[in-house]
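This is what each chain is made of:
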Amino acid sequence: MKTFETDAIVLSTRDYGESDRLVTFHSAGFGRLRGIAKGARRSRKRFANVFEPCSLVRVECRERNSFIWIEACKLVEPYLPMRADIEKWAYAALFSEIILEMVPEGESHLAPFLLHKETLDRLERDKDPQNVLVLALLRFQFLMGYMPALDGCVICRRRFETANKWFWQAAEGKLVCEDHFCPNTSYIAMDTGTLALIHYLRKIPLEKTWRLRMRREMKAPLLMGLLDWFCCNTRKEIQSIKVLEQILPSCGFAWPVNRKDSAR
Ligand SMILES: [Zn+2]
């Protein structure tokens, strides 16, 4: 029987059996972590308000008979102002949903956890939460090793610095120049400045990430590209996109990414 303690962010909670809850966390020490909170639905005192999605908690667990049992859970940061803002809350939920799909269970990888925690902190404080979400998603893809290179045309090998018009066929992970893009596929129009910023983001430490500012008109297309890439590669649907569809059409967010019409 092994006991352990770790900082964690609540990803999802659901009822389990007659009186328990099954809680999934993104933990600092063990990646994605699933544990059973015994009697959590019967006794509200023991686990009061600690299993709300996106809350930062300190959780104490015991591993027994190949199950993880949650012994205690302390609320560290509930991010209350963020929950009161629908746009910020939608971004936090979307980022958590992607983490839930992509972070492996039981593997210690501290960098994605620190990114998740800082993203929630920044979403709460920053005046431009959409910029925070796009930077966080880009950085997360780099960390997990899934981000395509985006350093030039995949067909003619021309470098991105040598032209100003680029087309990111996000679903296929390909960047192509003006001469080689095919209008019958889904693509995001990109400029050199945005590509340079994405490259710069790969090299800097996490704390410097949030100083970067995406061009206003590039944020929604980049977000669409990143989500299109995610959905095509994992063959999963992101439930939180439904909320974005309702709150973001004014800034150019259109889902699903159109074929033919997405050039701007
Ligand atoms: Zn080319």
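Computed from a predicted model, the values in this text were never measured in an experiment. (Residues numbered from 1 in each chain as written. Predicted model: local features only at pLDDT ≥ 70, side-chain atom pairs only at ≥ 80, totals over all residues.)

### Quick look at the overall build of the protein chain
Where we set the bar: Comment: elements are numbered from the N terminus, with helices defined as DSSP H or I runs of at least four residues and strands as E runs of at least two. Each radius of gyration reported is based on C-alpha atoms, and the globular scaling rule is 2.2 Å times the count of residues to the power 0.38. Here a residue counts as buried when 20 or more other C-beta atoms sit within 10 Å of its C-beta, as exposed when there are 12 or fewer, and as partly exposed otherwise, the C-beta atoms being derived from the backbone. Throughout, a pair of residues is in contact if the C-beta atoms placed from their backbones lie within 7 Å.
From N to C terminus, the protein chain includes eight helices and eight strands. Against the compact-globule benchmark of 18 Å for 264 residues, the protein chain has a radius of gyration of 20 Å, which places it among compact chains. Counting only C-alpha atoms, the protein chain reaches 65 × 35 × 30 Å along its principal axes. Burial status across the protein chain gives 36% buried among its 264 residues. Of all intrachain contacts in the protein chain linking residues separated by at least 6 positions in sequence, the fraction that spans at least 24 positions is 60%.

### A look at the domain arrangement of the protein chain
Quick note on the threshold: Here the bounds of each domain stem from an automatic or database domain assignment. In this count, Pro and Cys sit with the nonpolar residues alongside Ala, Val, Leu, Ile, Met, Phe, Trp and Tyr, while Asp, Glu, Lys and Arg are called charged and the others, Gly among them, polar.
For the protein chain, the domain assignment lists domain 1 (2-78) and domain 2 (81-251). Averaged C-alpha coordinates put domain 1 and domain 2 at centres separated by 29 Å. Contacts between domain 1 and domain 2 engage 14 residues on the former and 17 residues on the latter. Those elements giving two or more residues to the side of domain 1 that touches domain 2 turn out to be β1 (2-16), β2 (20-27) and β3 (31-37). When its residues are assigned to classes, the side of domain 1 that touches domain 2 shows seven nonpolar, six polar and one charged.

### Details of the environment of Ile70
Take Ile70: it is sitting in strand β5 (residues 67-77). Residues Ile70 and Phe47 lie 23 residues apart in sequence; the distance between their C-alpha atoms is 9.7 Å. Other than its neighbours up to four places away in sequence, Ile70 contacts Val23, Gly35, Ile36, Ala37, Val59 and Cys61.

### Section: the sheet that holds strand β8 (residues 188-191)
Rules: Here, strands pair whenever DSSP counts at least two bridges between them. Only the stretch in contact is used when fitting a helix axis, every axis being a line fitted to C-alpha atoms; angles between N-to-C directions are given from 0 to 180 degrees.
Read across the open sheet, the three strands follow the order β7-β6-β8; overall the sheet is antiparallel. Of all the strands in the sheet, the pair left with one neighbour each is β7 (174-177) and β8. Between one strand and the next, the sheet's axes are offset by a mean angle of 35°, whatever the strand orientation. Along the sheet, helix α5 (residues 192-203) contacts β6 (165-169) and β8; its crossing angle with β8, the most-contacted strand, is approximately 80°.

### What about unusual backbone geometry?
Phi is positive for Asn65, which is not a glycine, with a value near 50°. Within the fold, Asn65 resides in the loop between β4 (56-64) and β5. With 6 C-beta atoms counted inside 10 Å, the residue Asn65 sits in the exposed group. Its identity as a non-glycine residue notwithstanding, Tyr79 has a phi of 50°, on the positive side. Looking at where Tyr79 falls in the secondary structure, it is placed in the loop between β5 and α1 (80-83).

### Remarks on the pairing of β3
Relative to β3, β2 runs antiparallel, the two being bridged by seven bridges. Note on β3: the bridge partner recorded for His26 is Arg32. Hairpin connection of β2 to β3: three residues between the antiparallel strands.

### With respect to the environment of Leu248
Assignment of secondary structure puts Leu248 in the segment after α8 (241-247). Separated by 171 residues in the primary sequence, Leu248 and Glu77 have C-alpha atoms spaced 27 Å apart. If sequence neighbours within four positions are ignored, Leu248 has contacts with Ala220 and Phe253.

### So, the pairing of β5
Residues in a regular strand project their side chains so that they alternate between the two faces of the sheet. In the sheet, β4 pairs with β5 via nine bridges, with the strands oriented antiparallel. By the bridge assignment, Glu60 is partnered in β5 with Ala72. As consecutive antiparallel partners, β4 and β5 are separated by two residues, and within that stretch Asn65 has a phi angle of approximately 50°, a positive value.

### Describing the environment of Arg159
Locating Arg159 in the fold gives a position in the loop between α4 (129-144) and β6. Residue Arg159 is classed as exposed on the basis of its 12 C-beta neighbours within 10 Å. Residues Arg159 and Pro104, 55 residues apart in the sequence, show an inter-C-alpha distance of 34 Å.

### Some points on the packing of helix α3 (residues 110-125) against α4
For clarity, the threshold we go by: Convention used here: angles under 35 degrees read as roughly parallel, angles over 145 as roughly antiparallel, angles from 65 to 115 as roughly perpendicular, and any remaining angle as oblique.
Two elements in contact, α3 and α4, have axes whose closest approach is 10 Å; the angle formed by their N-to-C orientations is 175°. Considering their axes alone, α3 and α4 lie roughly antiparallel with respect to each other. Between α3 and α4, the residues in contact are Ala111, Pro112, Leu115, Thr119, Arg122 and Leu123 and Pro129, Val132, Ala136, Arg139, Phe140 and Leu143, respectively. Counted by class, the contact of α3 with α4 contains nine nonpolar, one polar and two charged residues.

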